[in-house]
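# Survey of secondary and tertiary structure
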Amino acid sequence: QAKRLGKNTYQIYQQAQTEQMLRDFELEQELRLALNTQQIQLHYQPQYHLTTRELCGLEALVRWQHPVRGMIRPDHFIPLAEETQMIIPLGWQVLDQACRQTAQWLEEGYQVPCVAVNISPLQLLQADFIEQLNLLVDSYGLHRQRLELEITENLLQQNPDFAFQQLKSLRLAGYRLALDDFGTGYSSLNRLKLMPLDRIKIDKSFIRDIGKNTKDDAIILSIINLGHSLGVEVLAEGVETAQQDRFLRHHGCDTMQGYLLGRPVAQPELQRRTG
Ligand code: C2E
Ligand code: MG
Ligand code: MG
Ligand code: MG
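What comes next concerns the included structure. (Residues numbered from 1 in each chain as written. Chains lettered and ligands numbered in written order. Predicted model: local features only at pLDDT ≥ 70, side-chain atom pairs only at ≥ 80, totals over all residues. Heavy atoms only, no water.)

Taken together, 24 residues are adjacent to ligand 1, and R63, R73, D180, E240 and Y259 come closest. Backbone polar atom of V62 to a nitrogen atom of ligand 1: 3.1 Å apart, as the coordinates give it. Within the contact set of ligand 1, an oxygen atom lies 3.0 Å away from a side-chain nitrogen or oxygen of D181. Here ligand 1 occupies the largest pocket. Mapped onto the shell around ligand 1, the elements with two or more residues apiece are β2 (55–66), α3 (87–107) and β6 (176–182). (Near = heavy atom within 4 Å. Polar contact = N/O pair within 3.5 Å; in protein donor to acceptor, adjacent residues only side chain to side chain. 1 Å grid on protein atoms, 1.4 Å probe; cavity = no way out; pocket = protein on both sides within 12 Å on 5 of 7 lines; lining within 4 Å. Sits in = over half its atoms within 2 Å of the grid points. Helix = DSSP H or I, 4+ residues; strand = E, 2+ residues; numbered from the N terminus.)

Looking now at the pairing of strand β8 (residues 233–237). Counting buried positions along β8 yields four of five residues, so the element is predominantly enclosed. As judged from the four bridges shared by strand β7 (residues 199–202) and β8, these two strands associate in the parallel manner. Within β8, the position partnered with I202 by the bridge is A236. Relative to strand β9 (residues 255–257), β8 is paired through three bridges, and the arrangement is parallel. Bridging across to β9, E237 finds its partner in Q257. In the classification by handedness, the crossover that spans β8, the intervening helix α10 (residues 242–250) and the parallel β9 is right-handed. (Buried < 20%, exposed > 50% of the residue type's maximum accessible area, 1.4 Å probe, protein only. Pairing = 2+ DSSP bridges. Right-handed = clockwise from strand over helix to strand, strands pointing away.)

Structurally, D180 is set in strand β6. No salt bridge forms around the buried D180; measuring N to O, its nearest opposite-charge neighbour K201 is 4.2 Å away. Residues in contact with D180, not counting those within four places in the same chain, are E59, N118, E150, I151, T152, K201 and E237. (Lys, Arg positive; Asp, Glu negative; His and termini not counted. Salt bridge = Lys/Arg side-chain N within 4 Å of Asp/Glu carboxyl O. Contact = heavy atoms within 4.5 Å.)

Bringing the environment of L35 into the picture now. Among the secondary structure elements, L35 is positioned in helix α1 (residues 2–36). Looking at L35, the relative accessible area reads 12%, which means it is buried. It is 13 Å that separates the C-alpha atoms of L35 and L95, two residues lying 60 residues apart in sequence. Ignoring anything within four residues of it in the chain, the contact list for L35 reads I40, M86, P89, L90 and Q93.

This part takes up the coordination of the magnesium ion (ligand 2). Only E59 (OE), N118 (OD1), E150 (OE) and D180 (OD) from the protein reach the magnesium ion (ligand 2) as donors, at distances of 2.0 to 2.2 Å. Separating the magnesium ion (ligand 2) and the magnesium ion (ligand 3) is a distance of 4.2 Å, and D180 donates to both of them. Placement of E59 in strand β2 and of E150 in strand β5 (residues 147–151) is noted, with a sequence separation of 91 residues between them. Using a relative accessible area of 4% as the deciding quantity, one classes E59 as buried. (Donors = N, O, S within 2.8 Å, 3.2 Å for Na, K, Ca; no water.)

With that settled, consider the pairing of strand β1 (residues 40–49). Counted residue by residue, β1 has eight buried out of ten residues, so it is predominantly covered. Across nine bridges, β1 lies against β2 in antiparallel orientation. Paired with Y48 across the two strands is L55, which belongs to β2. From the end of β1 to the start of β2, which pair antiparallel, there are five residues, and R53 there has a positive phi angle of about 65°.

And the structure:
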């Protein structure tokens, strides 16, 4: 009896695995199609100065508008896109849309200080990434300082030497660089200090627990101080409450983004330039 049960459990497990594989395969086929049929869209989340409350940027966040399944969040397809290398064409589509939209806003007279785009390690480590990016950005007549590239610490895992080289070249070319989800990844302060960054973004998991746990509060203070001693700006992501906002302002964090001040939306509210 026990043996039969074991066998059944195994079969059920195997069946579940096969179904998962089929679902992934289906999703992969659909994603391929999505890239050719304008199902990939961007939402933009505002970023603000903590003290002046001025808009300092927008983060572009990819959305898959699936004809049947509805809107799919990136956490559900970016990992698959990375596994299948589809992140390369997908990433270019994201960059193209972000640049085109930014150029259009500027042309229409809106104030857009900077647009941040998330870049996968795989994409950034392509040998011709910078050359292609320059061509793209120039084709829209955009100033490179308008574009911020968000990377994560796992960029440095495979080939840290080349990754550093790419980051330095990007910075030299005039792009802004931000380290995303700071505090969650594989961190080494030695490497952090060598990265040519403009900003670090404190991961939202730390922000969520502000006021609940003195250890988390202490970690946030150290990240803010660490950032400032390295000469980079510090942004808090995932700010949802007035209490978190007050805490961050009180402790000298520079900028923030989160549901408290704005969710990601297709058409963010922008101010027109005056004068
Ligand atoms: P991320 O870059 O850390 O983006 C922040 C995520 O936090 C976004 O989720 C955003 O919608 C969410 N968020 C913003 N404010 C709040 C808040 O106050 N509370 C909470 N709970 N969440 C908040 P989203 O849009 O689902 O994106 C998830 C992740 O997918 C991103 O995390 C990023 O790592 C990745 N991603 C998004 N767009 C792209 C892309 O174009 N390319 C690549 N490679 N990755 C992307
Ligand atoms: Mg990001
Ligand atoms: Mg993040
Ligand atoms: Mg993230």
